[in-house]
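Spelled out from the first residue to the last, the chains are:
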Amino acid sequence: MSAANTALRSASNALKLAGNSLATKRSRPPRVTPAAVNRLKQLVQGPDPKLIRVGVKNKGCAGLSYALEYTKEKGKFDEEIRQDGVTVLIDSKSLFKMFGSEMDYVENRLSSKFVFNNPNVKESCGCGESFNI
């Protein structure tokens, strides 16, 4: 086998592995980082049991935006994610847009917010509040 064929085969295998890794990330359910788990635990504390539902709404200059809301119970078609003692509900209509994503919580001197790292996003607006898949 020539050196050129060996290099081509090696490059082809590397591309397959990279593609499989991305495909795996895009097909797994959303996950929650430890920082987000800590913040979610703070938000749902209180005398009334509360859950947080995450969804994707048609909104913003890029077309889609994440939305979080309190709810008292799981909806009929909500997907339930339990991680590190926290339960997050995912709106069933939003689930396929969120496969492979990671929910994080970020604090700095000017703001604090939940941030979604989503491998499915094709474009986002300049401020980062909305996106498109």
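Residues numbered from 1 in each chain as written. Predicted model: local features only at pLDDT ≥ 70, side-chain atom pairs only at ≥ 80, totals over all residues. Heavy atoms only, no water.

- By the naming in an unreviewed UniProt entry, the protein chain goes by Iron-sulfur assembly protein 1 and is assigned to Diversispora eburnea.

### Digging into the pattern of salt bridges
Inference 1: Taken as a whole and judged by the stated rule, the model has five salt bridges.
Inference 2: We note a salt bridge from Glu102 to Arg31, for which the minimum N-O separation is 2.7 Å. Residue Glu102 is located in strand β6 (residues 102-107), and its partner Arg31 is located in strand β1 (residues 31-32); the two are separated by 71 residues in the primary sequence.
Inference 3: A residue is classified by how much of its surface remains accessible, and Arg31, at 32% relative accessible area, is partly exposed. (Salt bridge = Lys/Arg side-chain N within 4 Å of Asp/Glu carboxyl O. Helix = DSSP H or I, 4+ residues; strand = E, 2+ residues; numbered from the N terminus. Buried < 20%, exposed > 50% of the residue type's maximum accessible area, 1.4 Å probe, protein only.)

### A closer look at the nonpolar core
Inference 1: Of all hydrophobic cores here, the largest spans 21 residues; its most connected members are Leu40 and Phe114.
Inference 2: For this core, the secondary-structure elements that each account for two or more residues are α2 (34-44), β2 (51-58), β3 (64-71), β5 (86-90), α3 (95-98), β6 and β7 (112-117).
Inference 3: By residue number, the principal contributor to this core is α2, which donates four residues.
Inference 4: Those residues in contact with Leu40 that sit more than four places away from it in its chain are Val32, Ile52, Val86, Val88, Met103 and Phe114. (Core = buried A, V, L, I, M, F, W, Y, C linked by side-chain atoms within 4.5 Å. Contact = heavy atoms within 4.5 Å.)

### Digging into the packing of aromatic side chains
Each pair of aromatic rings is reported with the distance of its centres and the angle of its planes.
Inference 1: The tally for this structure, following the rule as stated, stands at two aromatic pairs.
Inference 2: Both rings, one in Tyr66 and one in Phe116, keep their centres 4.0 Å apart while their planes meet at 20 degrees; by these two values the pair is stacked. Remark: Phe116 occurs in strand β7 and Tyr66 occurs in strand β3; sequence separation between them is 50 residues. The same class applies to Tyr66 as to Phe116, namely buried.
Inference 3: The aromatic ring of Tyr70 is capped on one face by Lys50, whose charged end is 5.1 Å from the ring centroid. (Phe/Tyr/Trp six-rings, centres within 6.5 Å; stacked < 30°, edge-to-face > 60°. Lys NZ or Arg CZ within 6 Å of the ring centre and 35° of its normal.)

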